[in-house]
Amino acid sequence: AMTFLANSLNAVFADTAANEVRLLTDVTSAATAQILAEESRGISHPLGLQVSADNSRIFVLNSGAQAITTVDLTSGLITHVPIIGSASKLQRLSGDVFQLTDDFRETTLLFDAASPEPRVVFVPRIVERSNGRSATRDQVPDSRRPLPLR
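Overview of the structure. Because the structure is a prediction, the values reported are computed rather than measured. (Residues numbered from 1 in each chain as written. Predicted model: local features only at pLDDT ≥ 70, side-chain atom pairs only at ≥ 80, totals over all residues. Heavy atoms only, no water.)

### A few points about the sheet that holds strand 8 (residues 78-82)
Definition in use: Whether two strands pair comes down to DSSP finding at least two bridges between them. The secondary structure listing takes helices from DSSP runs of H or I that are at least 4 residues long and strands from runs of E that are at least 2 residues long, numbered from the N terminus. Every axis corresponds to a line fitted to the C-alpha atoms, with the helix fit spanning only the stretch in contact, and the corresponding angles, defined between N-to-C directions, vary from 0 to 180 degrees.
Ordered in space as 5-6-7-8, the four strands form an open sheet in which the pairing is antiparallel. Bordering the open sheet on either side are strand 5 (46-51) and strand 8, each of which pairs with just one other strand. Sheet twist, expressed as the mean angle between neighbouring strand axes with direction ignored, is 20 degrees. As defined by bridge partners, strand 6 (residues 57-62) adjoins strand 7 (residues 67-72) across six bridges and the pair is classed as antiparallel. Among the inter-strand pairings, N62 is bridged to a residue of strand 7, identified as A67.

### Brief notes about the sheet that holds strand 2 (residues 11-15)
As summarised here, the arrangement of the four strands in space is 1-2-3-4, forming an open sheet in which the pairing is antiparallel. Unpaired on one side and paired on the other, strand 1 (2-4) and strand 4 (32-38) mark the two borders of the sheet. If you compare each strand with its neighbour and ignore which way they point, the axes differ by 20 degrees on average. Summarising the sheet, strand 3 (residues 20-25) and strand 4 pair through six bridges and their orientation is antiparallel. The partner of R22 across the bridge, within strand 4, is I35.

### Focus: the pairing of strand 7
The cut-off we apply is this: Burial classes follow relative accessibility: with a 1.4 Å probe on protein chains only, a residue under 20% of its type's maximum area counts as buried, one over 50% as exposed, and anything between as partly exposed.
Counted residue by residue, strand 7 has five buried out of six residues, so it is predominantly covered. With antiparallel pairing between neighbouring strands as the criterion, strand 6 and strand 7 make up a hairpin whose turn holds four residues, including Q66 at a positive phi of roughly 50 degrees. Where strand 7 lies against strand 8, five bridges are found, and the strand directions are antiparallel. What sits directly across from V71, in strand 8, is I78.

From the geometry alone we can't say anything about function, so treat these as descriptive.
Next comes the structure, spelled out in structure tokens:
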């Protein structure tokens, strides 16, 4: 996996075979590569990566370790947030919130890197009843439901 930093000629690259994450600087000319994280620092089968909205951190879907690994580009600090369950992708939803699972109709895992403490959030699946309404909607009392606009 590879992605560019926003408004930059720099990119990050996840090498699954070598269990490394590298920063490629100035890819349009004499690009240089710097190892940001490797197997000895907890990288194991990196499947995907994203750059934070402010270009300060790299997020790695570290599937072999069942974690999201964060690399701070300023300090070099590496942190691991465990994933309970199975993650198959690291797709930005908005800002620094990412979807980790494929199907919103099933149990969904989200990585919230926008919170003060990055975390993986479990979102239960919506159960449809035979009448086409969700079971969750039926649990909300009528007095708490919003009134329709006229």
